[in-house]
Amino acid sequence: MTLRWEAFLEEVRERGEYDTPQEAERVARVVLALLGAHLVGHVRAELAARLPETLALILLNPLQAAEPLSSERFVRATAAWIEGATETTALWDIGAVLSTVADAAGDDLTERVLLQLPPGYDLLFGRPQPGRRP
């Protein structure tokens, strides 16, 4: 089921404790653009189908990645793209967005997304894998 734009942003806003929907939208756009660069094929298309149209288009037309980013480098890249962000605040932003994405995607699709990503992204999605400690 696709989440409506307002419902998605409200969920991100609440999880990230942002003051406005605009702040939630700003971080969602950056995180999804970076995430989209790391997903391919049917998994990316299925995930996009679960997101509001504007965010789905961002996921489907991502920034170009020369190589897969480790979860740590993903956090640093996010911090670089969000004005005034630090790695700590970027980690918070990523968690707010990707946990909302994971809930919209459901467990099966989230697992398939995580299979396309380097180790460590499970924590960014708020879905730590059993038996794996950072």
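In what follows, the structure referred to is the one given above.
Keep in mind that this is a model prediction, so the values were computed, not measured.

A.B. asks: Looking at this structure, I do not really get the pattern of salt bridges. What am I missing?
C.D. replies: Oppositely charged side chains may form a pair once their charged atoms are brought near each other. With the rule as written, the count across this model stands at 10 salt bridges. With a closest N to O distance of 2.6 Å, Glu-67 and Arg-73 form a salt bridge. By relative accessible area, Arg-73 is classed as partly exposed at 34%. Here Asp-107 makes a salt bridge to Arg-127, at a shortest N to O gap of 3.8 Å. You can see Asp-107 sitting in helix H6 (residues 87-115) and its partner Arg-127 sitting in the segment after helix H7 (121-124), a full 20 residues away along the chain. Each member of the salt-bridge network shares a partner with another, and the members are Glu-11, Arg-15, Asp-103, Asp-107 and Arg-127.

A.B. asks: Teacher, can you tell me more about the packing of aromatic side chains here?
C.D. replies: Overall, the coordinates contain one aromatic pair when judged by the stated rule. Taken together, a centroid distance of 5.3 Å and an interplanar angle of 70 degrees make the contact between Phe-74 and Tyr-121 edge-to-face. Separated by 47 residues along the polypeptide, Phe-74 in helix H5 (residues 71-81) and Tyr-121 in helix H7 bring together distant segments of the chain. When sorted by exposure, Phe-74 lands in the same class as Tyr-121, which is buried.

Quick notes on the rules
Each residue is numbered by its place in its chain's sequence as written, counting from 1. Local features in this predicted model are restricted to residues of pLDDT 70 or higher, and side-chain atom pairs are both shown and tallied only at a pLDDT of 80 or more, whereas totals for entire chains, interfaces and linings draw on every residue. Hydrogens and waters are ignored; side-chain quantities use all the structure's heavy atoms. Any Lys or Arg side-chain nitrogen located within 4 Å of an Asp or Glu carboxyl oxygen qualifies as a salt bridge. Partly exposed residues are those whose accessible area sits between 20% and 50% of the maximum for their type, while under 20% is buried and over 50% is exposed, using a 1.4 Å probe and protein chains only. Numbering of helices and strands runs from the N terminus; a helix is a DSSP stretch of H or I covering at least four residues, while a strand is a stretch of E covering at least two. Stacked, tilted and edge-to-face pairs are distinguished by plane angle, under 30 degrees for stacked and over 60 for edge-to-face with tilted covering the rest, among Phe, Tyr and Trp rings (Trp via its six-membered ring) whose centres lie within 6.5 Å.

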